[in-house]
Every structure is written in C-alpha cells, then in structure tokens.
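In case you want the letters, here they are:
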Amino acid sequence: MKIISVNDIAEYDGEEVSIQGWVYKRTGKGKLAFLLVRDGSGFVQCVAFNGDLSEELFETISHIPQESSVVITGTVRADKRAPGLPGGYEIGISAFSVIQAANEDYPMALKEHGADFALDNRHFWIRMPSQWAILRIRATVISAIREWLDTNGYILMDTPILTPAAAEGTTTLFETEYFDEGKAYLAQTGQLYNEANIFAFGKVYCFGPTFRAEKSKTRRHLTEFWMVEPEVAFCDLDQLMEIEEQFVTHIVKRVLKERRVELESLGRDLSALEQVDVPFPRISYDKAVEMIKEIQAETEDPEEKALLDIEWGMDFGARHETVLTKKFDKPLFVYGYPTQVKAFYMEPMPGRPEACKSVDLLAPEGYGEITGGSERMSDPDLLLQRIHEHGLPEESFKWYLQLRQFGSVPHSGFGMGVERTVAWLCGTDHIRETIPFPRTIKRVYP
Ligand code: 4AD
Ligand code: MG
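Every value quoted in this text rests on a predicted model; they were computed, and no experiment measured them.

**So, the overall build of the protein**
Along the backbone of the protein there are 14 helices and 18 strands. Projected onto the principal axes, the alpha-carbon positions of the protein cover approximately 85 × 60 × 40 Å. Long-range contacts, defined here as pairs at least 24 residues apart, represent 68% of the contacts in the protein between residues at least 6 apart. Counting only carbon and sulfur atoms, one obtains 51% of the accessible surface of the protein, whose full area is about 20500 Å². Mean positive and mean negative side-chain charge positions of the protein (48 and 69 charges, respectively) differ by 3 Å.

Below, the structure written as structure tokens:
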C-alpha cells in the first residue's frame, strides 16, 4: 500500500492509502473509535468502525495509548468537520498495526501544563500542534531568508563562532579558555568579519547561532539564537532600509503562501500580516521620542505612565516599542539612535556626533525589534577612539581598522533574529517557543 504524507491527503480523496505516525489523541463513541494521528507532516482523524474490523483489532484501537507508533491503512474521505491539520479529510481504518505501544504514563498527556513543566519536557512538547506549527513556520522563515539572499546576489560567508573580542558589548560575552592564546569568546555577531568579506565579494551574509550572555529574562531574549546578517558594500543607511523592507516582505509573503494551515491553527490574525508590503514607514529616533512623550501625556494609568518615561539619549524599552508600533500597521524603521546606546562601529550622523546612522526595524503589534543595523564607520581614527572608549582590546581589531585604509567604501548591514521574527509571524508571546531547544539564562536542559 502506498504510504502518503498527511499534508498531501487532499490528493488521495477516495483512495486506500497508508500512513505511518503516532497516536496523538483517542476518543470513542459506541461502535466508533477516533484517533487523531500525526505523521510529522500533519494531523489526521482516523476512524475505526466496529462492524468493519475484527473484535480484537477494534479493541486494540480503542485502547491504544497516546504516542504509540502505528501504521494505518484505510480509505480517505472528505469531511468538512474532520479535525486535523490541514483537516477536512479522514481515514476509515481497514488495517492497523502497532510498532510500539507507548507507556500509559506519557508526561505530556493532554491537559494543561505549566510553562516550566512544558520546557522541562521540550522533547515531548514539540509533538503538540502549536509547537509543531511554530517550528514548521520557523523552517519556512529560514528557507525564505536563504532564498531571497541567494537569488539577490548575496554570497554566503560562514563567520567564526570562536572570536578574540567583544563586538556587541562586553557585558554579554560567553568566554572560554583558548589554549595558549588566553581567552576566546562565543560570537555575538559575524558582522565584523562580513565587513572584511564585502571587500572581496560585494554583498555577503552569514547565518548561524549567535551567543549573548544576556542577564535579562525578558520574553525576547535567548542566550543562543539564530541571526542572519547581510552586509553590503557601496550602501548607505537609506539603501539599507530599502534592502531590509524587501527582504522582510519576501519572508512574510512566503510564510503566508506556504504556512497558512499552521498560522490559522495558531489563531494568527492573517490580515495583519497581509498588510506587510514595501515601503515601510520610517521615523527618526528624535520623532519617536516625541511620539512616546505624546502617548505618555495622554495616558491616565500611573503605572503605564511611569513605564513610558523617556528622555533623549535613552534606549527604548519593550513598552516604548509597543506603544510606538501600535501607531502603525506595518513594520516600522526607527533610525538615528543616540550614539551612546549603540555599538562602537556605527557611522555618526553628519554634523551630529551624538546620533548615529543606525536603524532598528520594529515589528507591528508590539513584537519589538526584529532587526538592528547601521551604516558602518569609515574614519579609522574615530573608530580607534571608539574602540578605546568601549574598553575593547586594540590588538584584536588591527585587521578591522586596516579595512578602512585599503579601498574603504560606504557600507552597511543588518542582523535579523530568527526567533523574534518567528514570534511576530506566529503571534507567540515568548520567543522560547520559536526554537526547538531554547537556551535562556535559567535553562540549558534538555
Ligand atoms: O541589534 P543586534 O544586537 O545587532 C547586531 O548584532 C549587529 N551586529 C547586526 C548587524 O548589523 N550585522 O542584533 C540583531 C538582531 C536583533 O534585532 C534581534 O532580532 C536579534 O538579533 N537578537 C536577539 N534575539 C534573541 N535573543 C537575544 N538575546 C538577541 N539579541 C539580538
Ligand atoms: Mg539591537
């Protein structure tokens, strides 16, 4: 018998097929037993009718424990009411075999579980429909990222994970002993290496695991996350924003096209995502501070008012970003942040050294910053001064400074966090659900 994937089931209406998978849920009603079976590609309802099967087989099906691995043969029939993902079809069971009958005491039995319990059982949690949907969307996001970059002239450059110094602040470094060389650090970014790569390849990207020993326990921070970082020669801040909006729009459109079933199963409001198209609104940091102050003035709740406190020079908190992005229905570029809240390598605004040519892209609906980027500093003397001001070891940056002396050009780049992007697209509260096995300040298990 032909073994099919559940997500292709519509192609087999009326045919007898087999599926191989796991029992997710079992219910019964008199002469009928219903199994919701998942095969990795989807969930489908399989129905056993007492009259069609031997007494013994019907009994087996009626008592099969959740998570048992099974092979099921039967006829596909369309039925709008049939639950499942994609749903709308069921299989009338004609043959059934058990590969392994699961233990009865499955830790993630179908009832409410607390967040910590679910995270301790992440190896089982990923079997549930919500997590299955989120992680399939993640895979499509990653595929769309690569597709856009690979078809738009960007060359993939794998940058090192073990690095000699900090690039995004010294407070979030993971360090390790490195033979006779002293300390090495897990990469916070591949950007500095990509700044070397563009002078050989023009447009490049790196894409890999990224490490930040973030002390913050927010819903938006992981200690290990995946970041894609495009870097482009002959590109200024405005051109960078044009690249970013095309890139993000492509990702959203591809997810909408290929992962509708998953998005709908998560209850995501698709109309919000359908609005995402070029161009995205752009406001300066100065304007953003003004807007936040206006929103704060209109706020009556004293607690909220306090959270919205802001002065020029401060970085935005989650609350600031949320109120700001609620004013727009597309992702929002905020550019020209204060130099003091950004990394050492950003080009100053012309005639305004207190602000820099940085840009963050804030997702709509309060999902926060999904990309951070900038035009890079060109003046080697100022760059060296910044390296000192940031307490970075000059000897580790010799090569980086040399880039400014041999064919330097205006260049820009950005980094996009996969998990933050997936959280926004899925409408997920906490980014720990958007990576198969999350690492946070409190968790390295499982
Ligand atoms: O804004 P960040 O720190 O920028 C950089 O690292 C630059 N070197 C990128 C570049 O210009 N090439 O990080 C970029 C993005 C953030 O917008 C966010 O999406 C994600 O990476 N990110 C995190 N995601 C999860 N957990 C964390 N702790 C994150 N820190 C940053
Ligand atoms: Mg940032």
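That covers the picture; the talk isn't over yet.
**A look at the packing of helix 9 (residues 285–298) against helix 11 (residues 318–325)**
Packed helices, taken two at a time, are described by their axes: the angle between them and the distance between them. Following both chains from N to C, one finds helix 9 and helix 11 inclined at 90°, their axes separated by 10 Å at the closest point. Between helix 9 and helix 11, the interaxial angle falls into the category roughly perpendicular. For the pair helix 9 and helix 11, contact is made by A288, M291, I292 and I295 and by H320, V323 and L324, respectively. Partitioned by chemical class, the residues of the contact of helix 9 with helix 11 number six nonpolar, one polar and no charged.

**Considerations on the sheet that holds strand 9 (residues 183–186)**
Read across the sheet, three strands follow the order 7-9-8 without closing on themselves; strand pairing throughout is antiparallel. Where the open sheet ends on each side, the last strands, each with one partner, are strand 7 (162–163) and strand 8 (175–177). Relative to strand 9, strand 8 runs antiparallel, the two being bridged by three bridges. In the sheet register, T176 faces strand 9, and the bridge partner there is A184.

**Side note on helix 5 (residues 191–201)**
Among the residues of helix 5, those classed as buried are Q191, L192, N194, E195, N197 and I198. G202 occupies a position one or two residues after helix 5 and carries a positive phi of about 80°.

**Examining the site of ligand 1**
Taken together, 24 residues sit near ligand 1, with E168, Q191, R212, E229 and E369 positioned nearest. One of the side-chain nitrogen or oxygen atoms of R376 is found 2.9 Å away from an oxygen atom of ligand 1. One of the backbone N or O atoms of F414 is found 3.4 Å from a nitrogen atom in ligand 1. Those elements that place two or more of their residues in the shell around ligand 1 are strand 11 (224–233), strand 17 (368–375) and strand 18 (411–417). When residues of the shell around ligand 1 are assigned to their parent elements, the largest contribution, five residues, is made by strand 17. Among the residues making up the shell around ligand 1, the classes are represented as seven nonpolar, nine polar and eight charged.

**Points about the layout of surface pockets**
What the second largest pocket holds in volume is close to 300 Å³. If you trace the second largest pocket, you find 14 residues lining it, with E112, H113, W125, M128 and S130 closest to the centre. Among the elements of the structure, helix 2 (115–120) and helix 4 (129–151) are those that each provide at least two residues to the lining of the second largest pocket. A total of three residues in the lining of the second largest pocket trace back to one element, the largest contributor, which is helix 4.

**Details of the domain arrangement of the protein**
The accessible area lost on association of the parts is a frequent measure of interface size. According to the domain assignment, the protein consists of domain 1 (6–106) and domain 2 (124–434). Inter-centroid distance (C-alpha atoms) of domain 1 to domain 2 is 44 Å. Each partner contributes residues to the interface: domain 1 has 11 residues there, and domain 2 has eight residues. Taken over both partners, the interface formed by domain 1 and domain 2 buries close to 850 Å², and the fraction arising from carbon and sulfur atoms is 64%. Looking only at domain 1, the three residues that lose the most surface to domain 2 are Y24, L85 and Y106, adding up to 49% of its buried area. Here domain 1 is connected to domain 2 by one salt bridge. Measuring nitrogen to oxygen at the nearest pair gives 2.9 Å for the salt bridge that ties E67 to R127.

**A word on the UniProt feature "domain: Aminoacyl-transfer RNA synthetases class-II family profile" (unreviewed entry) in the protein**
The feature "domain: Aminoacyl-transfer RNA synthetases class-II family profile" (unreviewed entry), as given by UniProt, occupies residues 135–446 in the numbering adopted here. Helix makes up 36% of residues 135–446 and strand makes up 21%, while its end C-alpha atoms are separated by 17 Å.

**Brief notes about unusual backbone geometry**
Each neighbour pair has its own omega, and for L85 with P86 the value is 10°, a cis peptide bond. Position of P86 among the secondary structure elements: in strand 5 (residues 84–100). Residues V278 and P279 are joined by a peptide bond in cis, for which omega reads -10°. Look at E67: it is not a glycine, yet its phi comes out positive at around 80°.

**So, empty space enclosed by the protein**
The full count for this structure, using the stated rule, is two cavities of 30 Å³ or more. For the largest cavity, the lining is made up of 16 residues, of which T163, A165, A167, L192 and Y193 are closest to its centre. Secondary-structure elements contributing two or more residues to the lining of the largest cavity are strand 9 and helix 5. Split by residue class, the lining of the largest cavity holds 12 nonpolar, four polar and no charged. Estimates place the volume of the second largest cavity at around 30 Å³. The set of elements that each furnish at least two residues to the lining of the second largest cavity consists of strand 3 (43–49) and strand 5. The element that contributes the greatest number of residues to the lining of the second largest cavity is strand 5, accounting for five residues. Looking at the lining of the second largest cavity, its residues break down into eight nonpolar, two polar and no charged.

**Focus on the nonpolar core**
Counting 42 residues, the largest nonpolar core has I145, F247 and W424 as the members making the most contacts within it. For this core, the element with the most residues is helix 6 (residues 237–258), which contributes 10 residues. Contact partners of W424, with chain neighbours within four places excluded, come to V248, V252, R268, L273, V276, P331, A363, P364, E365, Y367 and I370. Ranked by size, the runner-up nonpolar core spans 25 residues in total, among them V23, L35, I72 and Y89.

Analysis parameters
- Residues numbered from 1 in each chain as written.
- Chains lettered and ligands numbered in written order.
- Predicted model: local features only at pLDDT ≥ 70, side-chain atom pairs only at ≥ 80, totals over all residues.
- Heavy atoms only, no water.
- Helix = DSSP H or I, 4+ residues; strand = E, 2+ residues; numbered from the N terminus.
- Contact = heavy atoms within 4.5 Å.
- Areas by Shrake-Rupley, 256 points an atom, 1.4 Å probe, with all protein chains shown as cover.
- Lys, Arg positive; Asp, Glu negative; His and termini not counted.
- Charge placed at Lys NZ, Arg CZ, Asp CG, Glu CD.
- Axes fitted to C-alpha atoms, helices over the stretch in contact; angles between N-to-C directions.
- Parallel < 35°, antiparallel > 145°, perpendicular 65-115°, else oblique.
- Nonpolar A, V, L, I, M, F, W, Y, C, P; charged D, E, K, R; others polar.
- Pairing = 2+ DSSP bridges.
- Buried < 20%, exposed > 50% of the residue type's maximum accessible area, 1.4 Å probe, protein only.
- Near = heavy atom within 4 Å.
- Polar contact = N/O pair within 3.5 Å; in protein donor to acceptor, adjacent residues only side chain to side chain.
- 1 Å grid on protein atoms, 1.4 Å probe; cavity = no way out; pocket = protein on both sides within 12 Å on 5 of 7 lines; lining within 4 Å.
- Points joined across faces, edges and corners; volume = space filled by probe spheres on them.
- Domains from an automatic or database assignment.
- Buried area = accessible area lost by both parts, 1.4 Å probe.
- Salt bridge = Lys/Arg side-chain N within 4 Å of Asp/Glu carboxyl O.
- UniProt positions renumbered as here; feature names shortened; annotations may be inferred.
- Core = buried A, V, L, I, M, F, W, Y, C linked by side-chain atoms within 4.5 Å.

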